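Below, each chain spelled out in residue letters.
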Amino acid sequence: MVKSEENSVDRRNFLKIAAGSAAALVASAPRVGAQENSARPSHEQTSEEGKKVDAPATERTTETSADNPYTQGMATFVSGLRYEQIPKEVIDRIKLLMLDSFGCAIYSVDLEWSRILMRTLQQVDSSTSCGVWGTSLRLSAPHAALVNGTLVHGFELDDIHRLGVMHVGAVTLPSLLAVTEIRPGMSGRDFLTAAVAGYEIGPRVGRCMGEEHIGQGWHSAATVGVFSSAAAAAAALRLSKEQTVHALGIAGTQSAGLMAAQYGSMVLRMHTGRSAQSGLYGGLLAANGFTGIVNVFESDYGGFCTTFSRSHDRFNLAELTSGLGARFETMQVSLKFYSCVSSNHTTLDAIRAIRARRSFSVDEVDHIVVHGSQVTVDHVGWKYRPAGISAAQLNLPFCVATLLLDGNVFVDQFTAQKIVDPVRIALADKVKVVADPDIMARGSEFRQMVRVEVFLKDGTALTETVETPRGSERSFASKADVVEKFENLAGHVIPAGQVAAIREAVLNLETLPDSSRLAHFLTKQ
């Protein structure tokens, strides 16, 4: 990544934010009172969902920084972040990340699980506050966030923060767009700022919990994702530091998501939608005086970290605020160019590289061994059994077989017919995934590293090692590649003119006087 004076902002601004976060870790911060709240007004409220009420005084909670230094550090960053403090390369990157998420969402509207979810919510919700992307359907803000978050993650096409082990756009953007619709008037610059707040906070919680979190069976996009959503909503609502602490605490207690969903269920798709919804609730409730767990990360009993790790030491609280305001996790988000779980991508890249060097047919394959981390073995290395499209997308042997047979692993490869194809299943049975101590010794940063061995029937052995997948933070896609993917996906559902309008609005978002215009473009009129 090249930085220049023209493309950088005054680093003193970053240090101010970072210092604010660091100060929260070592010293008692002054209590936030009515004066700070009045200094950061919310956008003008325009719906019943946004009306402010006063909570009973007996329910209000104020904590010093000694009780919740990390939660306060994150809240200080979120409430204090300004557009001018964000590096240009981060703004450029997050616009591409958002465009990718919108394409993933729009493509998903015609999928069976998406239709069931929308139809069910229509039966219980006659509100019209917010739009469902790629459709003419309008629902209440929480239900729209639930659907839109589900749509982004609807077909295993959306982004991934590898170290945070989470899908960021699916949990951040739905709550943010909901705020733009119920409180119009947010500028494009403020929208981008709120998005960065969300993209920064969730991955840091994921890093704090480490890869063991998903290894223990939690779907981290769902559990960790609530904090990205809450941070974005809090920033969009212009909450004070104290209110943001409560937004995080309200969102954190709603965390949920079980990885058993990967073996064949529609509910896997909905995990990110629930996180988006929970974070939106956190922001809206905190704005109206509702209180949450103020030490949601630090609490010894019932805190997020101790409860989800089932320990007092298998997490690293320092990751929550490390480099906050100076090192941007947004730049570590990867994009997918295969329609399957990200843990499969390095293996697929390795096989493509092997075939590019030495072409071989499916009939020549004797067996394939994938050496990877224990998390890879547990997450995607299980024996394939047809149990739905989600199971196929999350199974590494099936995806390897699909690549060998079709030459690609994208949306057209996952159909009701192909996931039960006996030829594909037989080929998947030739793929074995094993834990490699040498790879695991390199740490969580190399969680997705693989060494792939293809053994042919004539005795030939072909090997390739891949550390990070195509589209990753180390080999990020070009703007042209991201735009092409967006146009391809969105073009399945909406007219070319609308596709172009969304593309231009996102890529020039900083010029929009009112970001609710983007919400308008995302829905059918």
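Residues numbered from 1 in each chain as written. Predicted model: local features only at pLDDT ≥ 70, side-chain atom pairs only at ≥ 80, totals over all residues. Heavy atoms only, no water.

Q: Explanation requested: the overall build of the protein in the structure shown.
A: Along the protein, the regular secondary structure elements total 23 helices and eight strands. Each of the 525 residues in the protein was classed as buried or not, and the buried ones make up 61%. Long-range pairs, those at least 24 residues apart, make up 79% of the contacts in the protein between residues at least 6 apart in sequence. Counting every atom, the protein has about 19,300 Å² of accessible surface; 52% of that belongs to carbon and sulfur. (Helix = DSSP H or I, 4+ residues; strand = E, 2+ residues; numbered from the N terminus. Buried < 20%, exposed > 50% of the residue type's maximum accessible area, 1.4 Å probe, protein only. Contact = heavy atoms within 4.5 Å. Areas by Shrake-Rupley, 256 points an atom, 1.4 Å probe, with all protein chains shown as cover.)

Q: Which parts of the structure should I look at to understand the pattern of salt bridges?
A: Pairing of side chains with opposite charge becomes possible as their charged atoms draw close. Tallied over the full model, the rule gives 26 salt bridges. Among the salt bridges present, the one from Arg 207 reaches Glu 319, with a minimum N-O distance of 3.4 Å. Taken together, the residues span a long stretch of sequence, with Arg 207 in helix H8 (residues 188-209) and Glu 319 in the loop between helix H14 (304-309) and strand S4 (333-334) at a distance of 112 residues. For Arg 207, a relative accessible area of 24% corresponds to the partly exposed category. Residue class for Glu 319 comes out buried when judged on its relative accessible area of 17%. Close ionic contact of Arg 327 with Glu 329 constitutes a salt bridge, the shortest N to O distance being 2.7 Å. One continuous salt-bridge network, built from bridges that share partners, spans Arg 207, Glu 319, Arg 327 and Glu 329. (Salt bridge = Lys/Arg side-chain N within 4 Å of Asp/Glu carboxyl O.)

Q: For this particular structure, what's the right way to read the packing of aromatic side chains?
A: Aromatic ring pairs: the centre-centre distance and the angle between the two ring planes describe each pair. Going through the model one piece at a time under the given rule, you end up with 12 aromatic pairs. One aromatic cluster is present, built from ring pairs that chain together Tyr 107, Trp 113, Phe 155, Tyr 384, Phe 398 and Phe 414. In this structure, Arg 93 packs its charged tip against the face of Phe 476, placed 3.8 Å from the ring centre. One cation-aromatic arrangement involves Arg 355 over Phe 360; the distance from NZ or CZ to the ring centre is 5.0 Å. (Phe/Tyr/Trp six-rings, centres within 6.5 Å; stacked < 30°, edge-to-face > 60°. Lys NZ or Arg CZ within 6 Å of the ring centre and 35° of its normal.)

Q: Just checking my understanding: could you explain helix H13 (residues 267-287) for this structure?
A: In an α-helix there are 3.6 residues to a turn, and that puts residues three or four apart on one side. Taking 1.5 Å per residue, 21 residues should reach 30 Å; H13 reaches 30 Å between its end C-alpha atoms and fits that length. Counted residue by residue, H13 has 16 buried out of 21 residues, so it is predominantly covered. Looking at the residues trailing H13, positive phi occurs at Gly 289, about 95°. (Expected span 1.5 Å × (residues − 1).)

Q: What's the story with the pairing of strand S5 (residues 365-372) in this structure? I'm lost.
A: It is a general feature of regular strands that their side chains alternate between the two faces of the sheet. Taking burial as the measure, the eight residues of S5 include six buried ones, the bulk of the element. Pairing analysis gives six bridges linking S5 to strand S7 (residues 450-456), with the strands arranged antiparallel. The residue bridging Ile 368 from the neighbouring strand is Val 454, located in S7. Two elements, S5 and strand S6 (residues 431-435), share five bridges in a ladder whose sense is parallel. Looking across to S6, one finds that Val 369 is bridged to Lys 432. (Pairing = 2+ DSSP bridges.)

Q: Looking at this structure, how should I read unusual backbone geometry?
A: Residues other than glycine predominantly adopt negative phi, and peptide bonds predominantly adopt the trans conformation. Although it is not a glycine, Glu 156 adopts a positive phi angle of roughly 55°. Topologically, Glu 156 is positioned in the loop between helix H6 (141-152) and strand S3 (160-161). Phi is positive for Val 165, which is not a glycine, with a value near 50°. Along the polypeptide, Val 165 turns up in the loop between S3 and helix H7 (169-182). By relative accessible area, which is 7% here, Val 165 ends up buried.

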